[in-house]
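# Chain and residue survey
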Amino acid sequence: MKKSHPIRRAVLATAATVSGIVLLLSLKPATDPGSAAAAGGAAPPAGAAAPQGGAQAAGTATVTGAVAETQYGPVQVRLTVSNGKITQAEAVQAPSGGQSSQITADAVPQLNQAAVAAQSAEIDAVSGATYTSTGYRESLQSALDQARASGSGSADQGGSGSAQAARTVTGAVAQTQYGPVQVRITVSGGKITQAEAVQAPSGGQSSQITADAVPQLNQAAVAAGSADIDAVSGATYTSSGYRQSLQSALDQAGG
């Protein structure tokens, strides 16, 4: 019998080995789960929970109100609203310099807490910080209006119905002997819920008269629900201008 050549046997053995490897590879799944995951193509396992932060972030909005100019400097409020409620309030701008810095340091934390507690702009002025409080409420109302318009929900305790019925209107400027007077009111359900003077006489003795008279006029407007309010003693011109601008705002509101 003729013997095979050693080299021929080696070639045949190598060919058999290669054929076996090719056969094994053809039986392997086309996609390697490990390589798919490394490439980012693997789907998460069924029932896997989404990150906890996702749902909370979706229901939370941060809005910044318009800048309210006051005699002592600008005031601007930023709110965090979650599921229709104010969860945080902060003043990103407030009067500073000299005595104003101390007044701001005392008043703003109280105003922030009051905004969260009231869930609206209907908060009391801080004693000794009338202008800052007025500006704070104005910017706070602006932030709330933005939150409602963006669909973040109502932060008003009255519910979505009362929030939709609320309107903020600004009366025409009334010129007086000592300076302009302009009133802004918030009307809800046909009633004045808030009144504030966005312009009032200032400078010299006028500043003190305004600081004394305007809070009284604001309260009187809300209590009366109309422009039929008494003049504040010692502030006849300011009172007259206030009533004039208040009536203009009521006319715009349809009241």
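Residues numbered from 1 in each chain as written. Predicted model: local features only at pLDDT ≥ 70, side-chain atom pairs only at ≥ 80, totals over all residues. Heavy atoms only, no water.

### As for helix H7 (residues 205-224)
Between its first and last C-alpha, H7 extends 28 Å over 20 residues, near the 28 Å set by a 1.5 Å rise per residue. At Ala213, H7 shows its largest bend, some 30 degrees, and a proline, Pro215, comes one to four positions later. Among all positions of H7, only Ser206, Ser207, Thr210, Ala213, Val214, Leu217, Asn218 and Ala221 are buried. Looking at the residues trailing H7, positive phi occurs at Gly225, about 70 degrees. (Helix = DSSP H or I, 4+ residues; strand = E, 2+ residues; numbered from the N terminus. Expected span 1.5 Å × (residues − 1). Bend = angle between axes of the 7 residues up to and from the residue. Buried < 20%, exposed > 50% of the residue type's maximum accessible area, 1.4 Å probe, protein only.)

### Let's talk about the pairing of strand E4 (residues 85-93)
Across seven bridges, the pairing between strand E3 (residues 73-82) and E4 is antiparallel. Note on E4: the bridge partner recorded for Thr80 is Gln88. Connecting the antiparallel pair E3 and E4 is a turn made up of two residues, with Asn83 showing a positive phi of about 55 degrees. (Pairing = 2+ DSSP bridges.)

### Details of the nonpolar core
Among the nonpolar cores identified, the biggest contains 20 residues, and Ile185, Ile192, Ala195, Tyr242, Leu246 and Leu250 are the most heavily contacted of them. Secondary-structure elements contributing two or more residues to this core are strand E7 (179-188), strand E8 (191-199), H7 and helix H8 (236-253). In this structure, Ile185 is in contact with Arg167, Thr168, Val169, Ile192, Gln194, Ala195, Leu246, Ala249 and Leu250, ignoring residues within four places of it in sequence. (Core = buried A, V, L, I, M, F, W, Y, C linked by side-chain atoms within 4.5 Å. Contact = heavy atoms within 4.5 Å.)

### Examining H8
In a regular helix each residue adds 1.5 Å, so 18 residues correspond to 26 Å; H8 covers 26 Å between its end C-alpha atoms and thus fits that length. Of all the positions in H8, only Thr238, Ser239, Gly241, Tyr242, Ser245, Leu246, Ser248, Ala249 and Leu250 are classed as buried. Packing partners of the buried residues in H8 comprise strand E5 (167-170), strand E6 (174-176), E7, E8 and H7.

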